[in-house]
Amino acid sequence: MRTTLLERPNPCATVSNRPAPRGGLRKLFTCFANLLLIQLGASFAGVSADAQTPVRELLQPLGFKIAYESYVDGKSDIFVMNSDGSNPVKLTQTPAEQEHYPQVSPDGTKISYVSDVGEGRDTVRSVYLMDIDGKNRKKIADHAREPFWSPDGKVLGFLPQEFAKFDVIDFATKGMSFYDMATGQILPQVNSTNLHHLYNPSWSATGKWIVATVHAGMGFDHAILLIEARGTNIVDLKIHGCRPCFSPDAKQVAWGAGDHELAAAPINLEADRPAVGQWSVRIEDETNKIYHIEWSPDGQFLAFSRGPDGKGDPTKPGTHQAAAEVHGVYAKGWNIGVVKTDRAAHLDLNQATEADLFMLTTNGLSNKEPAWFRPRR
Amino acid sequence: MTILRLLALAAVAGVLTACDKSGSNAQNERKPADAAPDAKGIDAGPVPITTKSGVEMVYLPGGEFTMGTDRGDADEAPAHKVRLSAFAMDMFEVTHEKFAKAQLPNPSHWQDNPQEPVERVRWRDAKRYCNERSLIEGLKPCYDEKTADWDCDYSANGYRLPTEAEWEYACRAGTEGPYDFGRADKLRQYAWMADNSDQKTHPAGQKKPNGFGICDLYGNVSEWCEDVYSPTYYKESPPVDPHGPPNPGKDVKRVIRGGSWKSSPERCQATARLGERTGDTDACFSTDFCGFRCVRRVTPAELQPLRGPSGKT
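Rules and cut-offs
- Residues numbered from 1 in each chain as written.
- Chains lettered and ligands numbered in written order.
- Predicted model: local features only at pLDDT ≥ 70, side-chain atom pairs only at ≥ 80, totals over all residues.
- Heavy atoms only, no water.
- Contact = heavy atoms within 4.5 Å.
- Buried area = accessible area lost by both parts, 1.4 Å probe.
- Salt bridge = Lys/Arg side-chain N within 4 Å of Asp/Glu carboxyl O.
- Polar contact = N/O pair within 3.5 Å; in protein donor to acceptor, adjacent residues only side chain to side chain.
- Pairing = 2+ DSSP bridges.
- Helix = DSSP H or I, 4+ residues; strand = E, 2+ residues; numbered from the N terminus.
- Axes fitted to C-alpha atoms, helices over the stretch in contact; angles between N-to-C directions.
- Buried < 20%, exposed > 50% of the residue type's maximum accessible area, 1.4 Å probe, protein only.
- Phe/Tyr/Trp six-rings, centres within 6.5 Å; stacked < 30°, edge-to-face > 60°.
- Lys NZ or Arg CZ within 6 Å of the ring centre and 35° of its normal.

Undergrad: Would you explain the interface of chain B and chain A in this entry?
TA: Much of the literature gives interface size as the accessible area that the parts lose upon coming together. Across the boundary between the two partners, chain B contributes 27 residues, which contact 26 residues of chain A. Contact between chain B and chain A buries roughly 2100 Å² in total, counting both sides, with carbon and sulfur atoms accounting for 50%. Considering only the side of chain B, the residues that lose the most area to chain A are B:Q103, B:P105 and B:T281, jointly responsible for 28% of the buried surface there. Between B:K146 and A:E119 there is a salt bridge; the shortest N-O distance is 3.1 Å. Where chain B meets chain A, there are 16 residue pairs in polar contact (both at pLDDT 80 or more).

So, in structure tokens, the structure goes:
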């Protein structure tokens, strides 16, 4: 752990240990100088304290919470913990279902997620909704996945499965649907018939754009796309990687730039052809895979999943075999970490200190897909 | 070997032109064979068949052949005798159209033409397709999807990936050279490769079939096999129905065989070997030259009803 300047000796004590200057004027000057030093020292200490304070200590007073998936006692469930990693609480209590991919509503009162029932290709994946305390669980759609919220929380989007038969790979989708929270009606997005093999959508705070990854669909090899929520425009952001996520103010986008690299960069969604600017965040981990980046409600922190390469574990009931980062795949050794965005301009997680990185979970029980929220008081 | 070669040539005479057609309907326009073997030739030469779900295959009787070469890369040596049981192999690489019938998300780079072969397919996705096709046809799936490697039951009658030995046996079609058709300068007639592919895949069956009536073995997409890849396997390979070395557990590669749209002529040779990571831990597997075709065990009793128009005696 790095030592913060706050823990260093008080600058006044240092001054007092110096030889006393002679004469009244000198005394006055010395006093003034000492006061100036104290002020400068305090000011310097204040700035440095912010830069050096462990991420955990910065998170504690904010009161945010994080929903996530974890595989405990033979099944996958949705959990909620404080954003300092304390007090994990299991929300889902269904013995025959595998629940994962939590997405919290913008007002922090509801969680949407997916539930898998059955085995192998007969698995039925459905989109569900429940209150933030796990009560009032309600099915929204069968053969559906990847739910995402409109910024006003009035619409829950999701991606229908491409085929009735199940495949765990996340891009197995065709179209896009919107569930109206008020009426319960499900309608296709206006350009739904042309949307194919999307995954990991995120809706901007401006409401106009949805950002998502496409793999082998819509004429794209692999790309991160802006999709007009209520229109037909599609913009290729021309950034390499997957699983994009807008910042709460919609001025930045974060994404997985590779198996071992996360990134964030400014984006101007007001432009006719929005484009991504210079990277503001670059997080690397040569040892582990890092995925599922997600902004905190104040945009000051980024949570993500981190763990070793793997392809699942056939001995784990209700799971599937594919890359460890895919939800529904048991990811041995995976945990959730948090960094502060302004300390992650170029951060190597293997060199990180407590001031750079805080691992919220450490049990390695397939902890993935963090979703921040500000609890309603 | 010479007799087998002659019988093979006779058996596939009618389908020799089958692959050499352009257009997306090439497979559907194929005329019935007019020189397939008679009943007693079933055990002697290749027989075109059509499966319950309408997939065209070629039945290959069991036999012995020389696998590998002492004149190629180190991993192709030593040349050694291998005896194989009878099996049937897909006449064409698995296309987008066929892949969709298994309700599998298609990861391919080029999807404009449903008759083109799938690519960017993970080894496990290829095996999943095999199991699905088995279920569609009421056959027993070969792969146990609850095991880490999806272990293969070779006694099951369902579809599976070919072993490396089966692939080479089918490709060499009773010959011993690098190409069953002879001179290397004829390769363009048999394969889509780097020289003639325009750097993309092409509809299955547009080039000439090999001597057993099987198309695109030399090119278009390289093909997954069942075996673990080991460069030294030929030194220890069993002489009968080899299935490849055991899984070493770490840094596993599986065999892919045959050239592709991006291959050099040397890479297209019948004996050329390559090991490729299976893509299991890669959510976005991007090896865009990697496809596959299926094989299955077929007994003579099963063969007769499968002999459709092109296999009619």
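And the narrative resumes.
Undergrad: Help me understand the sheet that holds strand β11 (residues 186–188) of chain A, please; the structure alone is not making it clear to me.
TA: Two strands in a sheet stick together by hydrogen bonds in their backbones, pointing the same way (parallel) or opposite ways (antiparallel). Residues and elements named next belong to chain A. Taken in spatial order, the four strands of this open sheet run β8-β9-β10-β11, and their pairing is antiparallel. Each having just a single partner strand, β8 (144–149) and β11 make up the two edges of the open sheet. Each adjacent strand pair in this sheet contributes to an overall mean axis angle of 30°, direction not counted. Pairing of strand β9 (residues 155–160) with strand β10 (residues 177–180), which is carried by four bridges, proceeds in the antiparallel orientation. Bridging across to β10, G157 finds its partner in F178.

Undergrad: Would you explain the side chain of B:R267 in this entry?
TA: As for its placement among the helices and strands, B:R267 is situated in the loop between β8 (253–257) and β9 (273–277). With near-sequence residues (within four places) excluded, B:R267 lies in contact with B:I256, B:G258, B:G259, B:A272, B:R273 and B:L274.

Undergrad: How should the environment of B:K101 be read in this particular structure?
TA: Residues and elements named next belong to chain B. Mapping K101 onto the fold places it in helix α2 (residues 96–101). Judged by its relative accessible area of 54%, K101 falls in the exposed class. Placed 21 residues apart in sequence, K101 and R122 show a C-alpha to C-alpha distance of 18 Å.

Undergrad: When you look at the sheet that holds strand β14 (residues 220–228) of chain A in this model, what are you seeing that I'm missing?
TA: Residues and elements named next belong to chain A. With antiparallel pairing, four strands are arranged side by side in an open sheet as β12-β13-β14-β15. In this open sheet, the two edge strands, each paired with only one partner strand, are β12 (198–203) and β15 (234–236). Strand after strand, the sheet turns through a mean of 25° between neighbouring axes, direction not considered.

Undergrad: Got a minute to help me understand the pairing of strand β25 (residues 368–373) of chain A in this structure?
TA: Residues in a regular strand project their side chains so that they alternate between the two faces of the sheet. Residues and elements named next belong to chain A. Of all six residues that make up β25, six are buried, and the element is covered over most of its length. One ladder, built from four bridges, connects strand β1 (residues 65–72) with β25; its direction is antiparallel. Along β25, the bridge assignment pairs I66 with W372.

Undergrad: Hey, could you run me through helix α4 (residues 164–172) of chain B in this one?
TA: Most of α4(B) is tucked away: nine of the nine residues are buried. B:E164, B:A165, B:E166, B:W167, B:E168, B:Y169, B:A170, B:C171 and B:R172 are the residues of α4(B) that are buried.

Undergrad: Looking at this structure, how should I read the packing of aromatic side chains?
TA: By convention here, two paired aromatic rings are described through the distance between centres and the angle between planes. For the coordinates displayed, the defined rule picks out 21 aromatic pairs over all chains. Between the aromatic rings of B:F87 and B:Y169, the centroid separation amounts to 6.1 Å while the plane-to-plane angle is 50°, which identifies the pairing as tilted. Of this pair, B:F87 sits in strand β5 (residues 87–90) while B:Y169 sits in helix α4, placing them 82 residues apart in sequence. For B:F87, a relative accessible area of 0% gives the class buried. Ring-pair connections join several aromatic residues into one group, and the members of that group are B:F65, B:F87, B:Y169 and B:F212. It is A:R137 that lies over the ring of A:Y128; its NZ or CZ is 4.1 Å from the centre.

Undergrad: Looking at this structure, how should I read the pattern of salt bridges?
TA: Proximity of charged atoms lets side chains of opposite charge pair with each other. Residues and elements named next belong to chain A. Applying the stated criterion across every chain yields a total of 40 salt bridges over all chains. D77 serves as the salt-bridge partner of K90, at 3.7 Å between the closest nitrogen and oxygen. With a gap of 13 residues between them, K90 in strand β3 (residues 89–90) and D77 in strand β2 (residues 75–82) connect regions that are remote in the sequence. Here K90 falls in the partly exposed class, since its relative accessible area comes to 33%. Where R125 meets D116, a salt bridge forms, and the shortest distance between an N and an O atom there is 2.7 Å.

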